[in-house]
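Analysis of the macromolecular model
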Amino acid sequence: MATDHDRFFMDIAARSALRAIGRVEPNPMVGCVLSREGRILAVGHHRVHGELHAERDAIASCRAAGHDPRGSTAHVTLEPCNGVGNQPPCVEALIEAGITRVVYAVRDPNPAKAGGGDRLRSHGVIVDQLGGHPLAHRLSAPFRQLLSDELPWVTAKWAQTIDGRIATRDGESKWISSPAARRRVHRFRSRIDAVLTGVGTVLADNPMLTARAEDGARRVRRRACRVVIDSRLSTPLSSALVESAGTYRTIIVTTPGDEAWARRRESLTRAGIDVLDVPPNPDGKADLRQALAALARQRELSTILVEAGPRLLGGLLLASLVNEAIVHLAPMILADEHARPCATGREAPLLSGASRWRLDRVKRIGPDVELWYSRDDRHGRQ
Ligand code: AOF
Ligand code: ZN
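The structure displayed is predicted, hence computed values, not measured ones.

With that settled, the discussion passes to the coordination of the zinc ion (ligand 2). The protein atoms that coordinate the zinc ion (ligand 2) are His 53 (ND1), Cys 81 (SG) and Cys 90 (SG), at distances of 2.0 to 2.2 Å. Taken together, the four donor atoms surrounding the zinc ion (ligand 2) define angles of 95 to 122° at the centre, an arrangement classified as tetrahedral. Sequence spacing of the donor residues for the zinc ion (ligand 2), all on one chain, is H-x27-C-x8-C. With His 53 in the loop between strand 2 (39–45) and helix 2 (54–64) and Cys 90 in helix 3 (residues 90–96), this residue pair connects regions lying 37 residues apart in the sequence.

Below, the structure written as structure tokens:
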């Protein structure tokens with residue numbers, strides 16, 4: 001039976017795991033706490049893709065601190081693995097180390113690694129599952145979605161005024177959020193596989209979409225690939241994105257068109273753009289679900305940050321393709337009904353037609369507020 005103590009140790013394991021965000025994907029982030037008689041002996045996590053798993057990391061630091069892990073309890077955010085991959089099975093490490101009880105939060109959905117709980121039990125280890133731990137769930141949610149739906153984990157980000165607008169009626173949006181909030185966005189970009197936007201944003205803002213470590217102190221971890229959804233291939237060869245395609249990997253997702261389209265495709269390819277063709281939707285535009293599936297399957301992009309205008313974001317939201325939203329709320333009011341909202345694309349006369357989101361985190365950043373939401377699937381997908 002899992003207790004309040006178990007929840008406390010699991011919190012620590014989960015927060016430790018989160019430190020590796022952007023370094024282990026597409027695999028799950030995993031954390032592990034070793035304790036004995038309620039006292040922590042060691043904390044470990046899976047730090048880098050393909051390297052030591054959380055359990056072995058915790059056991060190693062336990063020994064390095066001069067403690068014998070024998071007779072201790074392991075709290076792990078994911079069921080310990082039971083199969084060989086880049087790493088040997090964690091169940092063997094736990095048994096060899098003499099761990100007597102294992103508490104895990106989420107079952108390992110990976111068929112090649114599953115069954116760790118039962119294997120431990122067959123060796124006399126007490127095994128409990130601690131359910132309902134949102135952060136532990138979040139750590140492996142992108143991995144589970146990739147396995148089950150073959151879709152990347154999509155986070156949408158936008159900055160809005162108090163009255164919910166992301167730009168003026170003329171499209172002016174520089175700047176709604178403060179420099180501190182924008183620096184956070186740049187840091188976030190260094191933790192994901194791709195930044196995705198629409199051709200509308202490219203034409204309006206001519207963005208670079210790169211991860212600048214603006215504070216200079218923090219090392220950029222991943223260089224997010226830039227992705228533009230551009231069904232007709234209207235991205236100008238003179239855009240900042242195309243001109244820097246030799247330096248920063250850039251993908252344009254499109255759908256097959258006429259001869260002029262084919263010529264533009266050729267020029268973009270020559271300019272160093274990776275052009276990805278996907279089938280059209282009924283409106284003749286690149287189908288968004290197919291686009292994301294192709295980015296995951298053919299380009300191995302498993303985490304995507306969307307920084308797009310209202311139509312593309314609306315399209316992704318309406319197709320239930322957005323998992324999380326990060327909203328920067330700035331102390332400004334436009335009070336103009338033609339100012340741009342974050343998402344458009346349908347008529348929703350009834351509140352019952354609204355999709356539901358859960359507020360996971362609130363953080364004050366200078367004059368702004370950062371809000372983290374995740375899609376609440378308990379109310380059904382919308
Ligand atoms: C654990 N503890 O810390 C992690 C686990 O290629 P490998 O060997 O690194 O295996 C990756 C798979 O192992 C991953 O997809 C997931 O099923 C599991 N991750 N398991 O017991 C860990 N990171
Ligand atoms: Zn493992």
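Now for the sheet that holds strand 1 (residues 31–36). Pairing in this open sheet of five strands is mixed, and the strands run 2-1-3-4-5 from one edge to the other. Edge strands, defined here as strands with exactly one partner in the open sheet, are strand 2 and strand 5 (126–129). On average, adjacent strands in this sheet sit at an angle of 20° to one another, irrespective of strand direction. For strand 3 (residues 73–78) and strand 4 (residues 101–106), the ladder comprises five bridges, and the chain directions are parallel. Pairing of Leu 78 across the sheet is with Val 106, part of strand 4.

So, on to the packing of aromatic side chains. Applying the stated criterion across every chain yields a total of two aromatic pairs. On the basis of an interplanar angle of 75° and a centroid distance of 5.8 Å, the ring pair of Phe 188 and Trp 372 is categorised as edge-to-face. One end of the pair, Phe 188, is in helix 6 (residues 179–189); the other, Trp 372, is in strand 16 (residues 368–375), and 184 residues separate them in sequence. Of note, Arg 182 hangs over the ring of Trp 175, and the distance from its end group to the ring centre comes to 4.1 Å.

Turning our attention to the domain arrangement of the protein chain. Under the domain assignment, the protein chain is made up of domain 1 (4–145) and domain 2 (150–227 + 287–379). Taken together, the contact between domain 1 and domain 2 spans 11 residues of the former and 12 residues of the latter. At the boundary of domain 1 with domain 2, the tally comes to one salt bridge. Residues belonging to the side of domain 1 that touches domain 2 are distributed by class as follows: five nonpolar, two polar and four charged.

Here we take up the pattern of salt bridges. In this structure the tally under the stated criterion is 14 salt bridges. Glu 150 serves as the salt-bridge partner of Arg 297, at 3.0 Å between the closest nitrogen and oxygen. Of this pair, Arg 297 sits in helix 10 (residues 288–297) while Glu 150 sits in the loop between helix 5 (134–149) and strand 6 (153–161), and the two are 147 residues apart along the sequence. When its relative accessible area of 51% is taken as the criterion, Arg 297 is described as exposed. The class of Glu 150 is partly exposed, set by a relative accessible area of 37%. The salt bridge involving Arg 169 is made with Asp 336; its shortest N-O contact spans 2.7 Å. Residue Arg 169 is found in the loop between strand 7 (165–167) and helix 6, and its partner Asp 336 is found in the loop between strand 13 (324–330) and strand 14 (340–341); the two are separated by 167 residues along the sequence. Residue Arg 169 is classed as partly exposed on the basis of its relative accessible area of 45%.

As a structural note, the neighbourhood of ligand 1 is formed by 19 residues, with His 53, Ala 54, Cys 81, Gln 87 and Asp 108 the closest of them. In the model, an oxygen atom of ligand 1 is placed 2.6 Å from a nitrogen or oxygen of the Ala 54 main chain. Measuring from a nitrogen atom of ligand 1, one finds a side-chain N or O atom of Glu 55 at 2.8 Å. Relative to its free-state accessible area of 510 Å², ligand 1 is covered by the protein chains to the extent of 96%. Considered class by class, the residues forming the shell around ligand 1 number eight nonpolar, seven polar and four charged.

Moving on, we get to the nonpolar core. The biggest cluster of nonpolar side chains holds 35 residues, and the ones touching the most others in it are Leu 196, Val 227, Val 253, Leu 292, Leu 295, Val 306 and Leu 316. Examining the composition of this core, we find that six residues originate from one element, helix 10, more than from any other. Excluding residues that lie within four positions of it along the chain, Leu 316 makes contacts with Leu 196, Leu 288, Leu 292, Val 306, Leu 321 and Val 322. The next biggest cluster of nonpolar side chains, apart from the first, holds 28 residues, and it includes Ala 74, Ala 93, Leu 120 and Val 125.

Our next topic: the sheet that holds strand 9 (residues 225–229). Strand order in this open sheet of nine strands is 11-10-9-8-12-6-13-16-15, and the pairing throughout is mixed. The outermost strands of the open sheet, each flanked by one partner alone, are strand 11 (274–277) and strand 15 (357–365). Between one strand axis and the next, the sheet turns by 25° as a mean value, whatever way the strands run. Relative to strand 16, strand 13 runs antiparallel, the two sharing six bridges. For Ala 325, the partnering residue across the bridge sits in strand 16 and is Tyr 373. Sheet strands touched by helix 6: strand 6, strand 8 (194–198), strand 12 (303–306), strand 13, strand 15 and strand 16. Its angle to strand 15, the strand with the most contacts, is close to 125°. Along the sheet, helix 11 (residues 310–318) contacts strand 6, strand 8, strand 9, strand 12 and strand 15; its crossing angle with strand 8, the most-contacted strand, is approximately 115°.

What counts, and where the lines are drawn
- Residues numbered from 1 in each chain as written.
- Chains lettered and ligands numbered in written order.
- Predicted model: local features only at pLDDT ≥ 70, side-chain atom pairs only at ≥ 80, totals over all residues.
- Heavy atoms only, no water.
- Donors = N, O, S within 2.8 Å, 3.2 Å for Na, K, Ca; no water.
- Tetrahedral: all angles 85-135°; square planar, octahedral: opposite > 155°, others 65-115°.
- Helix = DSSP H or I, 4+ residues; strand = E, 2+ residues; numbered from the N terminus.
- Pairing = 2+ DSSP bridges.
- Axes fitted to C-alpha atoms, helices over the stretch in contact; angles between N-to-C directions.
- Phe/Tyr/Trp six-rings, centres within 6.5 Å; stacked < 30°, edge-to-face > 60°.
- Lys NZ or Arg CZ within 6 Å of the ring centre and 35° of its normal.
- Domains from an automatic or database assignment.
- Contact = heavy atoms within 4.5 Å.
- Salt bridge = Lys/Arg side-chain N within 4 Å of Asp/Glu carboxyl O.
- Nonpolar A, V, L, I, M, F, W, Y, C, P; charged D, E, K, R; others polar.
- Buried < 20%, exposed > 50% of the residue type's maximum accessible area, 1.4 Å probe, protein only.
- Near = heavy atom within 4 Å.
- Polar contact = N/O pair within 3.5 Å; in protein donor to acceptor, adjacent residues only side chain to side chain.
- Areas by Shrake-Rupley, 256 points an atom, 1.4 Å probe, with all protein chains shown as cover.
- Core = buried A, V, L, I, M, F, W, Y, C linked by side-chain atoms within 4.5 Å.

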